[in-house]
Amino acid sequence: ARNFVDLLRVPHLSSQELIHSIQVCPESWAEFERLAASGQGAVIVTAHLGAFDYVGQLLSARGYRFTSLTTRTVPELLDAAVNYLRTSRGLHIERATPGGIRRVIQALRRGELVGLAADRDFFQNGWPVIFFGKETTLPPGPVRLARSAGVPILAAFTRRLKRGYQLLIEPPFYIERTDDTARDLRAGLQRLVELFERHIREAPDQWVIFQRVWPERPAPVLRVFPVGSPLEGELLGWGADPARPLTEPLDSPTGRTDRHPRLAPEPAPRPAEPPG
């Protein structure tokens, strides 16, 4: 409920009021500004911790072009209301669709910021990790985006204080680009897991998650892309070829090799001729 209250306040705050309501460590902010001044884009990764929507709102209020990569997880009317509030101060939203993924990669290469929360596997098709000592899955999307666009990952987390909020920014890091792409991505995902664990441990009562993080049994996979899309199972799912860039077309129109060949229908039997 407090997150919705935070969002309801966004359109009514001036940029200065929003900026002054969020405490930021001067050293970490100076490091972020050096990164931004270099002209590089960055993937901003956060968790559903504290007033997590204010990560993008603060960066937008300070004049940075920020795109939030999301998908609809609530009824359509509520989703439209939330997105209206989120975009009321200039923040841009892209959906996790094939076109949306390509647009955020282009934005990253233009030097813009793309943010997403990655502490839950909403689509139930992430990669296995050990999270707080127990196996679960988390989406590799952030590390794939960063590696494909050649930009760093910057983890940022918010906390609620008695008066206002606090933004904690971790030093940026890059995903390695060796011949073993899968290993590079898993190493980057593991680094994110460690950051999630540390910040959630420091404020566990502010972790807002409405989905089983450690399900007792595998849940059915939710499709985010159309069947046959080059990005189906590629950005978020199993069976992806991590060595192929996200924007590279597949060899076949659908990229699916598990389909049986379509057989021509057998001709209908001819009716028997009446006896002469």
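Small disclaimer: the values here were computed from a predicted structure and weren't measured.

Conventions used here
Residues numbered from 1 in each chain as written. Predicted model: local features only at pLDDT ≥ 70, side-chain atom pairs only at ≥ 80, totals over all residues. Heavy atoms only, no water. Helix = DSSP H or I, 4+ residues; strand = E, 2+ residues; numbered from the N terminus. Buried < 20%, exposed > 50% of the residue type's maximum accessible area, 1.4 Å probe, protein only. Phe/Tyr/Trp six-rings, centres within 6.5 Å; stacked < 30°, edge-to-face > 60°. Lys NZ or Arg CZ within 6 Å of the ring centre and 35° of its normal. Core = buried A, V, L, I, M, F, W, Y, C linked by side-chain atoms within 4.5 Å. Contact = heavy atoms within 4.5 Å.

(A) Examining unusual backbone geometry more closely. One non-glycine residue, Phe132, adopts positive backbone phi at about 55°. Summarising the element assignment, Phe132 is placed in the loop between strand E6 (127–131) and strand E7 (134–138). When its relative accessible area of 26% is taken as the criterion, Phe132 is described as partly exposed.

(B) Region of interest: the packing of aromatic side chains. In this structure the tally under the stated criterion is 11 aromatic pairs. Relative to Trp214, the ring of Trp207 has its centre 6.4 Å away and its plane inclined at 75°; by these criteria the two rings are edge-to-face. Looking at Trp214, the relative accessible area reads 26%, which means it is partly exposed. Grouping aromatic residues by their ring pairs yields a cluster made of Phe131, Phe132, Trp207 and Trp214. Lying across the ring of Trp29, Arg62 places its NZ or CZ 4.4 Å from the centre.

(C) How the structure looks around the nonpolar core. In terms of nonpolar packing, the biggest core is built from 37 residues, with Val43, Leu69, Phe131, Leu145, Ile153 and Phe196 touching the most fellow members. At the level of secondary structure, the elements contributing two or more residues to this core comprise strand E2 (42–46), helix H6 (98–109), strand E5 (113–117), E6, helix H7 (141–149), strand E8 (153–160) and helix H8 (181–202). Per element, the largest residue contribution to this core is seven residues, and it comes from H8. Excluding residues that lie within four positions of it along the chain, Phe196 makes contacts with Val45, Thr46, Ala47, Ala118, Asp119, Phe131, Leu138 and Phe157. In terms of nonpolar packing, the next biggest core, distinct from the first, is built from 29 residues, Phe32, Val55, Ala61 and Val82 among them.

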